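# Analysis of the macromolecular model
Okay, here's what each chain looks like letter by letter:
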Amino acid sequence: MQELKKLSERFYYLTPVEETDRPILGAVVGDNLTLLIDAGNSEAHVRLFLDELTRSGVPAPSLAVLTHWHWDHVFGASALNRTPVISTEATKTELQRLSSYSWEDEALDERVETGEEIRFCAEAIKKEFPAERSIRIHMPEITFNDELVLDLGGITCRLVHAGGNHASDHLIVHLAEEDILFAGDITAPNLYASSWHYTPDETKQLVKKLKPFASAWNVISHWKPLSKELFIEELELLEKTASLSARAGDEAELKNLLMDEYGKPLSEEESLAAQYFMNGKKL
Ligand SMILES: [Zn+2]
């Protein structure tokens, strides 16, 4: 059951759905403008969010921003009539590539076979669109390269192209006045590859970029808003695993180094991080 939640005076979000891979959608409410963060995995997804916002008295969105090109964050953009969409230049390039694709079962299965598409994404697309699949990739009207600041009236949104392994086009949205960071999928591994992976250099650079933005709440798209303490812990877990992976010959050795470091058995998350860093080394 998806729920609209109010995290602060000016920030609302719709909770995610695991089965169909629906990520969190955000809305920032300024005195003059409303900004939507991410467009959802379908027109139905973003419409549900817009309906919930209307019910809560939030003015209709004036602008939308896409965090990165992955289907679950962009397919709903075609429903945003008369709402200019913002993205990084790199996201637009990826969307131009997607716009030539067919999303029918056969085409999806073929792309899974060639490694262009991820099996669980193809399955989630089939579940989100069981009948008609009239997917239209909407091209962003406004693009930027490094940074863009939006003044919505009483609140500013700083959009920063931060990249990382998950998607090199990924941006973050920082709401300084609300002390909220919309981090999206930025801390996730690269999933569009033969094996899910992180690479140490990119991870260290990303952690360095993200740390100054760590806020009271940090929204992780397929999970929840994390407290500052938990978010920093996540970043430090990645940093630590990245550093130790350089000294390890294989996954078992890396896990041993991490257990020595922590002085306890690894959590599932710590174990997975070790696996993804070693996958990155093998590529
Ligand atoms: Zn993603």
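Here is what the cut-offs are and how they apply
- Residues numbered from 1 in each chain as written.
- Predicted model: local features only at pLDDT ≥ 70, side-chain atom pairs only at ≥ 80, totals over all residues.
- Heavy atoms only, no water.
- Donors = N, O, S within 2.8 Å, 3.2 Å for Na, K, Ca; no water.
- Tetrahedral: all angles 85-135°; square planar, octahedral: opposite > 155°, others 65-115°.
- Helix = DSSP H or I, 4+ residues; strand = E, 2+ residues; numbered from the N terminus.
- UniProt positions renumbered as here; feature names shortened; annotations may be inferred.
- Buried < 20%, exposed > 50% of the residue type's maximum accessible area, 1.4 Å probe, protein only.
- Pairing = 2+ DSSP bridges.
- Right-handed = clockwise from strand over helix to strand, strands pointing away.
- Expected span 1.5 Å × (residues − 1).
- Contact = heavy atoms within 4.5 Å.
- Axes fitted to C-alpha atoms, helices over the stretch in contact; angles between N-to-C directions.

Per an unreviewed UniProt entry, the recorded name for the protein is MBL fold metallo-hydrolase, and the organism is Bacillus daqingensis.

## Section: the coordination of the zinc ion
Protein-derived ligands of the zinc ion are H68 (NE2), H70 (ND1), H166 (NE2) and D185 (OD), with the metal-ligand distances lying across 2.1 to 2.3 Å. Considering all four donor atoms around the zinc ion, the spread of angles at the metal, 89 to 174°, places the coordination shape in the irregular class. Counting the intervening residues between successive donors of the zinc ion yields the motif H-x1-H-x95-H-x18-D. With H70 in the loop between β5 (63-65) and α2 (71-74) and H166 in the loop between β9 (156-161) and β10 (171-175), this pair connects stretches of sequence that are 96 residues apart.

## A word on the UniProt feature "domain: Metallo-beta-lactamase" (unreviewed entry) in the protein
Mapped onto the present numbering, the UniProt feature "domain: Metallo-beta-lactamase" (unreviewed entry) falls on residues 23-217. The span residues 23-217 is 30% helical and 21% strand by assignment, and the distance between its end C-alpha atoms comes to 17 Å.

## Regarding the pairing of strand β4 (residues 34-37)
Neither face of β4 is open: one carries T34 and L36, the other L35 and I37, and all of them are buried. Examined bridge by bridge, strand β3 (residues 25-29) and β4 share four bridges and lie antiparallel to one another. In the sheet register, A27 faces β4, and the bridge partner there is L36. In sequence, β3 turns back onto β4 through a hairpin of four residues. Taken together, the three bridges between β4 and β5 define a ladder with parallel strand orientation. Along β5, the bridge assignment pairs L36 with A64. With helix α1 (residues 43-55) bridging β4 and its parallel neighbour β5, the resulting β-α-β unit is right-handed.

## Here's the deal with helix α9 (residues 268-282)
The end-to-end C-alpha distance of α9, which contains 15 residues, comes to 21 Å, matching closely the 21 Å that a straight helix rising 1.5 Å per residue would cover. Of the residues making up α9, those classed as buried are E270, A273, A274, Y276, F277, M278, N279 and G280. Against the buried residues of α9 lie α6 (200-210), α7 (228-245) and α8 (251-262).

## Thoughts on the sheet that holds β5
The strand order across the open sheet formed by seven strands is β1-β2-β3-β4-β5-β6-β7, and the pairing between neighbours is mixed. Here the strands that pair on one side only, and so sit at the sheet edges, are β1 (4-8) and β7 (142-144). On average, adjacent strands in this sheet sit at an angle of 25° to one another, irrespective of strand direction. When β1 meets strand β2 (residues 11-14), the two strands line up antiparallel, connected through four bridges.

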